[in-house]
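# Remarks on the overall topology
For reference, the chains in residue letters:
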Amino acid sequence: MLDLRRLRQEPERIRAALQAKGSIASLERVLELDATVRKATFDTDNLRAEKNALTEKLAHGGLAGEGAAGLRQSVKDLNGRLKTAEETLRSEKEELDRLVLWLPNIPHESVPLGGGPEGNVVVRTWGEQPSFAFTPAPHWDLGAAMGILDPRRAARISGSNFPLFSGDGALLVRGLITFMLDLHTTEHGYREHWVPYLVNRDAMTGTGQLPKMEEDMYVSADPELFLIPTGEVPLTNLWREEIIPEERLPVRMVGYTPCFRKEAGAYGKETRGLNRVHQFDKVELVKLVEPHQSYDELESLVADAEEVLQRLELPYRVVSLCTGDLSFSAAKCYDLEVWAAGQQRWLEVSSCSNFEDFQARRMGIRYRPRAGGKPQLVHTLNGSGLALPRIIAALIENGQTAEGMVQLPEPLWPYLRGRRSLGPQGENQGSTTEG
RNA sequence: GGAGAGGUGGCCGAGAGGCUAAAGGCGCUGGUUUGCUAAACCAGUGUAGGGGAAACUCUACCGGGGGUUCGAAUCCCCCCCUCUCCGCCA
């Protein structure tokens, strides 16, 4: 949520910034409503002050005093006027509150200008793209051949684009999750949380998924409970409406969650296999920090996510999203894209964003400065550390051998009961300790 | 699911129609005292919004929403949450 005061003070800057993001939505109406709401607030406050003065007089002058009946009548008259004033105020306020939620965050000055994905800037690349003496296969062919991916059965029980990992595939998922959690908790200083996967409307609104993304979310039979599209939602909302002592900042959290997304309308070759699925697993990093540190913290958050890719020996590049490609709530965002040799494509596996105070204002997450004084809004950041399906796609495609095996990077071995590679397996085959 | 008890400031906790932004305590900030540390004493210390150059002032807020009343943290109704006990269940 944008700061209304700032919007009022520098509407031209905000208008320009929102245009860069490709959405000025209802900015003009918001500005107009802000003025009328403030006027209406002033009027009703004055009426209430008047009323309070009268009732106080009544209390102190004795309820049976000579003027009491007259006073009582004046208060009743005032109440009539107050009621209309309050109703006007309420309806204007409601519209304002509703519209403000549709205004996206404004981009940071360091964000490259651009209208869409073509305007994104590659900041750096890491690792060598593997070369093969044969034509590397995409993961959907390999995975099915190896018996670790089973889209046909997944479709039968859920529908298209739901993942089903079997045998060593399931072991790989579980191992990756633990590997990532261990790295972030023991080496990067994040505290792990195991969180609810269904959250209420307030939580979804707090991180900015609502109202804009409602049609992309799964709703439970209880219309107020949504399946989370990312662990960012429960993790960040852990702190909603709290005032955190400055000494406790930065708060660093990590959590594993499944993520659920309708991804309506997304079909085609770009969405084959594990490229885009309705349910996936993700280890999420979230930070709450002091405002002046948030951009440094963004860089270190990206580094923490990159570390996972480096240990997995997966070539990747870091992309700074341009103004037109930034998500609704982000002020700045880096995507990490991993190279998938079988598809000859870069696949997004992480989005690391600084939301500045946009989410914190919605959630009421503040900190109390050590030096005393008013509570201030924190800045919130998050990033995937990392999303699993495309990592698995890249591991399979980049690690494939001419024999139809998949070699795994060393840091993963202990998480896979010592296995160093994955190979074809039968329906009832368990995993052995030898690769 | 049933019964009971609760939800008040950063935290704990009193208050049971007007004298309450709300006692008291803790914490925090400043001061006095003090070989150091600690302690003691004194003072200050809620959030949000409006008006004002400022001093200051007005309004709202005691889980959420309605209602009664000239007036509600306090009375009534609905909902949410927490705790205890019982039931049910992976």
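### What to know about the sheet that holds strand β11 (residues 366-368)
With respect to topology, 3 strands assemble into an open sheet ordered β5-β11-β12, the strand pairing being mixed. For this open sheet the edge positions go to β5 (243-245) and β12 (376-377), each flanked by a neighbour on one side alone. In terms of strand pairing, β11 meets β12 through 2 bridges, oriented antiparallel. Paired with R366 across the bridge in β12 is L377.

### Digging into the environment of R317
Position of R317 among the secondary structure elements: in strand β8 (residues 316-320). Looking at R317, the relative accessible area reads 22%, which means it is partly exposed. The residues contacting R317, other than those within four sequence positions of it, are V122, R124, T125, D335, L336, E337 and W346. Engagement of the side chain of R317 in a polar contact is seen with the side chain of E337, the distance being 2.7 Å.

### Concerning unusual backbone geometry
With omega at 5°, the peptide bond leading from L210 into P211 counts as cis. Looking at the secondary structure, you find P211 in the loop between α8 (201-207) and β4 (225-227). That bond from G385 to L386 is cis: its omega, 10°, falls within 30 degrees of zero. Within the secondary structure, L386 is located in strand β13 (residues 379-387). For Q344, which is not glycine, the phi torsion reads 50° and is therefore positive. Inspection of the secondary structure puts Q344 in the loop between β9 (332-340) and β10 (345-354). For Q344, a relative accessible area of 53% gives the class exposed. With phi around 55°, R417 is a residue other than glycine that occupies positive phi space. Inspection of the secondary structure puts R417 in the loop between β14 (406-407) and β15 (421-422).

### Examining the pairing of β10
Pairing analysis gives 9 bridges linking β9 to β10, with the strands arranged antiparallel. Its bridge partner lying in β10, C333 is registered against S353. Between β9 and β10, which follow one another and run antiparallel, lie 4 residues, and Q344 among them has a positive phi close to 50°. Sheet analysis places β10 next to β13, joined by 3 bridges and oriented antiparallel.

### So, the state of the cysteines
By the definition in use, this model includes 0 disulfides. In this structure C322 is not part of a disulfide, and its nearest cysteine sulfur, from C333, lies 11 Å away. Here C333 stays unpaired: no disulfide links it, and the sulfur of C352, its closest cysteine neighbor, is 7.1 Å away. Using a relative accessible area of 3% as the deciding quantity, one classes C333 as buried.

### Focus: the pattern of salt bridges
Applying the stated criterion across every chain, the model contains 26 salt bridges. R13 serves as the salt-bridge partner of E10, at 3.9 Å between the closest nitrogen and oxygen. A salt bridge links E28 to R15; the shortest N-O distance between them is 2.7 Å. Note that E28 is positioned in helix α3 (residues 27-61) and R15 in helix α2 (residues 11-20), a separation of 13 residues in sequence. One salt-bridge network, in which partners are shared between bridges, spans D3, D357 and R361.

### With respect to the sheet that holds β9
With respect to topology, 8 strands assemble into an open sheet ordered β1-β8-β9-β10-β13-β7-β6-β2, the strand pairing being mixed. Of all the strands in the sheet, just β1 (121-126) and β2 (191-192) have a single pairing partner and so form its edges. Against the sheet, helix α7 (residues 168-186) makes contact with β2, β6 (251-260), β7 (279-289) and β13, and its axis sits at roughly 10° relative to β7, the strand it touches most. Its contacts with the sheet place helix α10 (residues 294-311) against β1, β6, β7, β8, β9, β10 and β13, and it is angled at close to 10° to β13.

### Things to note about the packing of aromatic side chains
The geometry of an aromatic ring pair is captured by the separation of the ring centres together with the interplanar angle, meaning the angle of the planes. Summed over all chains, the structure comprises 6 aromatic pairs. With 5.7 Å between their ring centres and 70° between their planes, F179 and Y415 make a pair best called edge-to-face. Of the two residues, F179 sits in helix α7 while Y415 sits in the loop between β14 and β15, which places them 236 residues apart along the sequence. Given the relative accessible area of 4%, F179 is considered buried. By relative accessible area, which is 25% here, Y415 ends up partly exposed. For the ring pair F328 and F358, a centre distance of 5.8 Å and an interplane angle of 75° mean the geometry is edge-to-face. Of this pair, F328 sits in the loop between β8 and β9 while F358 is found in helix α11 (residues 358-363), placing the two residues 30 residues apart along the sequence. In this structure F358 comes out as buried when scored by relative accessible area, which is 1%.

Calculation rules
- Counting restarts for each chain, with residues numbered from 1 along the sequence as it is written.
- Chain labels run from A onward and ligand labels from 1 onward, assigned in the order the entries are written.
- Only residues with pLDDT of 70 or above have their local features reported here, since the model is predicted, and side-chain atom pairs are shown and tallied only from 80 upward, although totals for entire chains, interfaces and linings are computed over all residues.
- As a convention, hydrogens and water are excluded, and side-chain values are obtained from all of the structure's heavy atoms.
- Pairing between two strands requires that DSSP report at least two bridges joining them.
- Here a strand is any run of E in DSSP of at least two residues, a helix any run of H or I of at least four, and the numbering for each starts at the N terminus.
- Working definition: with a 1.4 Å probe on protein chains only, accessible area under 20% of the residue-type maximum means buried, over 50% means exposed, and in between means partly exposed.
- The contact criterion used is simple: two residues touch if any of their non-hydrogen atoms lie within 4.5 Å.
- Polar contact is the term for a pair of N or O atoms within 3.5 Å; when the atoms are in protein, one must be able to donate a hydrogen and the other to accept it, and sequence-neighboring residues count only if both atoms are side-chain atoms.
- Disulfides are defined in this document as cysteine sulfur pairs within 2.5 Å.
- Put simply, a salt bridge is a Lys or Arg side-chain nitrogen that is within 4 Å of an Asp or Glu carboxyl oxygen.
- Orientation is described by lines fitted to C-alpha atoms, with helices fitted over the stretch in contact, and by angles between N-to-C directions that extend from 0 to 180 degrees.
- Note on aromatic pairs: the rings of Phe, Tyr and Trp (six-membered ring only in Trp) are paired at centre separations within 6.5 Å, and the planes decide the class, stacked below 30 degrees, edge-to-face beyond 60, tilted for the rest.

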